[in-house]
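Descriptive analysis of the structure
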Amino acid sequence: MIEIDSKVLTDLESGFTIPPKPELLQSLQTELNSDSPELNNIANIVAGDVAIAAMVLKVINSPYYGLARTITDIKQAVMFLGLEGITNLVTGFLLEKAFDQDKCCIRLERFWDTASEIAAISTLIGKKLKAKVPTENLHMVGLFHDAGIPAMAMNYANYVDVLEESNRNYHLSLVAREEAAYRTNHAVIGYFLATSWNLPKNICQLILRHHDDAYLDTPTFSQDQLTYATLKMAEDIVHVNRRFVHSPDWPDMQEKVLTVLDLDEEEYQDIKEDAEELFHSLA
């Protein structure tokens, strides 16, 4: 486990602006942490934000949840997803709303399109695995894992240059380029954002380590490793379909990902084809 000491977080906080935790998320977390959290209370909190409620219903009725019937109201959605599931899903949507395009040097619409595709593909892959991985965790990590990128774009006017150079030339990773330019990187910033929003500790650690190619070196087949491996597979599928080349992490990760997910080559290709079909339906 990678730990970041309090001094690092204090240094970041003193000179770095990140979106504050939304009031809606605070209300959800307060209810969730109460002695007897109520489904009706959670449903009422979510339904109070029309845009968020609409996004929840859109996602839960999308192909990658594969429901036999249409969910028509938030209470039904909460009953289907559970308290933590609906909170995780809403958190991802609130993240997207938290960043102001006028303050960022990158195009947020394109960034969130990619994040949404990775979240969708992660969810689909998770549903097809032999092991059970909570789909709401996959969706949340898919949306949130690169949240440090818009945060850095909001704080550094030249960050777009670092990002574009990394996209043009993979010989040096984005994380390494960020470290050279800013003495921090988007995984650390994303972790800081996630902890300040009081996300579950395991989700925060996955965000921190999502470019750590040693994370799967010793397979434990834990929920966190399964989530990580699913994310890396989804990232690669989206990267290939958007840019016609594998993601920078994939050549070093593929064998370890398939081992942790307990997939042979034929099973991998079957899931990959299904995921690519969903990708094109989302495009």
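Below is a short write-up of the structure.

About the thresholds
Residues numbered from 1 in each chain as written. Predicted model: local features only at pLDDT ≥ 70, side-chain atom pairs only at ≥ 80, totals over all residues. Heavy atoms only, no water. Helix = DSSP H or I, 4+ residues; strand = E, 2+ residues; numbered from the N terminus. Rg over C-alpha atoms; globule rule 2.2 N^0.38 Å. Contact = heavy atoms within 4.5 Å. Areas by Shrake-Rupley, 256 points an atom, 1.4 Å probe, with all protein chains shown as cover. Lys, Arg positive; Asp, Glu negative; His and termini not counted. Charge placed at Lys NZ, Arg CZ, Asp CG, Glu CD. Patch = residues over 30% accessible without salt bridge, like charges linked within 9 Å, V, L, I, M, F, W, Y side chains within 5 Å. Salt bridge = Lys/Arg side-chain N within 4 Å of Asp/Glu carboxyl O. Buried < 20%, exposed > 50% of the residue type's maximum accessible area, 1.4 Å probe, protein only. Phe/Tyr/Trp six-rings, centres within 6.5 Å; stacked < 30°, edge-to-face > 60°. Core = buried A, V, L, I, M, F, W, Y, C linked by side-chain atoms within 4.5 Å.

What follows concerns the overall build of the protein. Helix and strand content of the protein: 15 helices and zero strands. Here the C-alpha radius of gyration of the protein, 18 Å, is about what a compact globule of 283 residues would show, namely 19 Å. Along the three orthogonal principal directions, the C-alpha set of the protein runs to about 50 × 50 × 35 Å. Within the protein, contacts between residues separated by at least 24 positions form 67% of all contacts whose residues are at least 6 apart in sequence. Taken as a whole, the protein presents about 13,500 Å² of accessible surface, with 50% of it coming from carbon and sulfur. Between the averaged position of the 23 positive side-chain charges in the protein and that of its 43 negative side-chain charges there is a distance of 3 Å.

On the surface, Asp-264, Glu-265, Glu-266, Asp-270 and Glu-273 cluster together to form a negatively charged patch. Tracing the backbone through its elements, the reader meets Glu-273 in helix H15 (residues 265–282). A residue is classified by how much of its surface remains accessible, and Glu-273, at 48% relative accessible area, is partly exposed.

With that settled, the discussion passes to the packing of aromatic side chains. This structure, assessed with the given rule, holds seven aromatic pairs. Considering the side-chain rings of Tyr-215 and Tyr-228, the 4.6 Å spacing of their centres and the 45° angle between planes classify their relative orientation as tilted. Here Tyr-215 is found in the loop between helix H12 (201–208) and helix H13 (223–243), whereas its partner Tyr-228 is found in helix H13, with 13 residues between them in sequence. Relative to Tyr-268, the ring of Trp-250 has its centre 6.2 Å away and its plane inclined at 25°; by these criteria the two rings are stacked. Highlighted residues: Trp-250 in helix H14 (residues 250–260) and Tyr-268 in helix H15, separated in sequence by 18 residues. Among the residues examined, Trp-250 registers a relative accessible area of 2% and is labelled buried. The class for Tyr-268 is buried, based on a relative accessible area of 3%.

Turning our eyes to something else, we now look at unusual backbone geometry. Within the chain, Asn-198 stands out as a residue other than glycine whose phi angle is a positive 60°. Considering the arrangement of structural elements, one finds Asn-198 in the loop between helix H11 (186–196) and H12.

Grouped together as the largest cluster of nonpolar side chains are 91 residues, with contacts concentrated most on Val-56 and Met-233. At eleven residues, helix H5 (residues 74–98) tops the list of elements feeding residues into this core. Excluding residues within four positions of it along the chain, Met-233 makes contact with Ile-125, Trp-250, Val-257, Leu-261, Leu-263, Tyr-268, Ile-271 and Lys-272.

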